[in-house]
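# Tertiary structure, described
This is what each chain is made of:
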Amino acid sequence: MPQSKLNVQLLEVTQNALSVIYASARQCYSPEFAGEIFKNETDLDKQEKFIEKIISSGHLSPLEHVKFTFAIEGVSRALTHQLVRHRIASYSQQSQRYVKENNFEYIVPPSIEKDENLKKEFKNIMDKIQKAYNELLKTTSSQDARFVLPQAAETKIVVTMNCRELLNFFEERCCIRKLAYEMLLICKRELSAVFSMAGPKCLKLGYCPEGKFSCGLAPLKDEALGR
Ligand SMILES: Cc1cc2nc3c(=O)[nH]c(=O)nc-3n(C[C@H](O)[C@H](O)[C@H](O)COP(=O)(O)OP(=O)(O)OC[C@H]3O[C@@H](n4cnc5c(N)ncnc54)[C@H](O)[C@@H]3O)c2cc1C
């Protein structure tokens, strides 16, 4: 089956996110009880300013009290293999044991997508894999037949991360994954006090630390330092 499109939906964000972070952070510096601070402090501008201050000071643990849950589809198993390396998160991914892939969709990488010959060759390979998989299903379980499926196979996953983990995730993944950018846009829209400055690590560093794997948007370290 042809490629399906990336789709990222926000299922849920912690209610009163700003006030939850504010009350948690203030608890560290105030003799007052966070329960009272949460009820009594309603000035959102004041909360935003305070939160921006604690973030720039590196006091990030209050951000852990607010979570975002995303439903994601139209991504490859290659992508989710990288995604699930982020350990401070929760995942629920479509199973290739329970869901048969007898008409699997696949993701075509951009460099192959833009080259007609390569794209044709890629499709041929996917078709062959599909045939092999369907053949195996006649005599074995989907649990074992899935071993021939490619990393390009499309998958769906639900991800929950807290704001601190999201900041780390965006630093590491925005430059390599469109998915991370889509998630970042949603986070900026929902909670700009936390995410207005979030993004790939080259933004903070002023250079890209990826060497020959750089996406090319930021200068390499030596170029940035004039060496
Ligand atoms: C450009 C790039 C290339 C990569 N290449 C490879 C590769 O070739 N091979 C490979 O295996 N992986 C590779 N990775 C994966 C990478 O090493 C991390 O496993 C992955 O990005 C998850 O990052 P994390 O540990 O910061 O996230 P999380 O697991 O979510 O952790 C968040 C933060 O919590 C802290 N933390 C979590 N667990 C521990 C712990 N056990 N001990 C101490 N602190 C902890 C750390 O501060 C960490 O940054 C690559 C990642 C990137 C971005």
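Before reading further, recall that the structure is shown in the block above.
## Digging into the pattern of salt bridges
Scanning the entire structure with this criterion turns up nine salt bridges. Among the ionic pairs, R164 bridges to E64, the shortest N-O distance being 2.6 Å. Residue R164 is found in helix 8 (residues 163–173), and its partner E64 is found in the loop between helix 3 (44–57) and strand 2 (67–76); the two are separated by 100 residues along the sequence. We classify E64 as partly exposed; its relative accessible area is 35%. A salt bridge links E190 to R189; the nearest nitrogen and oxygen atoms lie 3.1 Å apart. According to the relative accessible area criterion, R189 is exposed, its value standing at 59%.

## Some remarks on the site of the ligand
Neighbouring the ligand are the residues R85, H86, R87, I88, E165, N168, E172, R173 and E210. A distance of 2.7 Å separates an oxygen atom of the ligand from a polar side-chain atom of R87. A distance of 3.3 Å is found between an oxygen atom of the ligand and a backbone nitrogen or oxygen belonging to I88. About the coverage of the ligand: the protein hides 46% of its 940 Å² of free accessible area. For the shell around the ligand, the class distribution of residues is one nonpolar, two polar and six charged.

## Focus: the packing of aromatic side chains
For any two aromatic rings, the description comes down to two numbers: the centre-to-centre distance and the angle of the planes. One pass over the structure, following the stated rule, counts eight aromatic pairs. Taking the centre distance of 5.9 Å and the plane angle of 75° together, the rings of F170 and F195 count as edge-to-face. Linking F170 in helix 8 with F195 in helix 10 (residues 192–195), this pair joins segments that are 25 residues apart in sequence. Relative accessible area serves as the criterion here: at 0%, F170 is assigned to the buried category. Through a chain of ring-to-ring contacts, three or more aromatic side chains come together here, namely F68, F70, F169, F170 and F195.

## A word on helix 8
Along helix 8, the positions that sit buried rather than exposed are C163, E165, L166, L167, F169, F170 and R173. At its buried positions, helix 8 is contacted by strand 2, helix 4 (77–83), strand 4 (154–162), helix 9 (178–190) and helix 10. Sitting at the head of helix 8, N162 places a side-chain oxygen 3.0 Å from the backbone nitrogen of R164.

## Observations regarding the environment of L179
Structurally, L179 is set in helix 9. If near-sequence neighbours (up to four positions away) are discounted, L179 is found in contact with L6, V8, I72, L79 and L83.

## Quick word on the packing of helix 8 against helix 9
Where helix 8 meets helix 9, the axes come as close as 10 Å, and the angle between the chain directions of the two elements is 140°. As the angle between them shows, helix 8 and helix 9 are arranged oblique. Considering only the axes of helix 8 and helix 9, their crossing is left-handed. The residues of helix 9 that touch helix 8, namely those facing L166, F169, F170 and R173, are A180, M183, L184 and C187. Counted by class, the contact of helix 8 with helix 9 contains seven nonpolar, no polar and one charged residues.

## Here we look at unusual backbone geometry
Residue N16 is not a glycine yet carries a positive backbone phi of 50°. With respect to the helices, strands and loops of the structure, N16 is situated in the loop between strand 1 (7–13) and helix 1 (17–29). On the basis of relative accessible area, N16 is assigned to the partly exposed category, the value being 47%.

## Some details on the side chain of E165
Position of E165 relative to the elements: it lies in helix 8. Although E165 is buried, it forms no salt bridge, and the closest oppositely charged side chain is R87 at an N-O distance of 7.5 Å. Aside from chain neighbours lying at most four places away, what touches E165 is H86 and I88.

## Remarks on the pairing of strand 2
Most of strand 2 is tucked away, with seven of its 10 residues classed as buried. Bridge analysis of strand 1 against strand 2 gives six bridges, and the strand direction is antiparallel. Paired with E12 across the bridge in strand 2 is T69. The sheet contact formed by strand 2 and strand 4 spans nine bridges and is antiparallel. Residue pairing across strands places F68 opposite M161, the latter belonging to strand 4.

The rules we used
Residues numbered from 1 in each chain as written. Predicted model: local features only at pLDDT ≥ 70, side-chain atom pairs only at ≥ 80, totals over all residues. Heavy atoms only, no water. Salt bridge = Lys/Arg side-chain N within 4 Å of Asp/Glu carboxyl O. Helix = DSSP H or I, 4+ residues; strand = E, 2+ residues; numbered from the N terminus. Buried < 20%, exposed > 50% of the residue type's maximum accessible area, 1.4 Å probe, protein only. Near = heavy atom within 4 Å. Polar contact = N/O pair within 3.5 Å; in protein donor to acceptor, adjacent residues only side chain to side chain. Areas by Shrake-Rupley, 256 points an atom, 1.4 Å probe, with all protein chains shown as cover. Nonpolar A, V, L, I, M, F, W, Y, C, P; charged D, E, K, R; others polar. Phe/Tyr/Trp six-rings, centres within 6.5 Å; stacked < 30°, edge-to-face > 60°. Contact = heavy atoms within 4.5 Å. Axes fitted to C-alpha atoms, helices over the stretch in contact; angles between N-to-C directions. Parallel < 35°, antiparallel > 145°, perpendicular 65-115°, else oblique. Left-handed = near helix turned anticlockwise from the far one by under 90°. Lys, Arg positive; Asp, Glu negative; His and termini not counted. Pairing = 2+ DSSP bridges.

On their own, these measurements won't tell you what the molecule is for.
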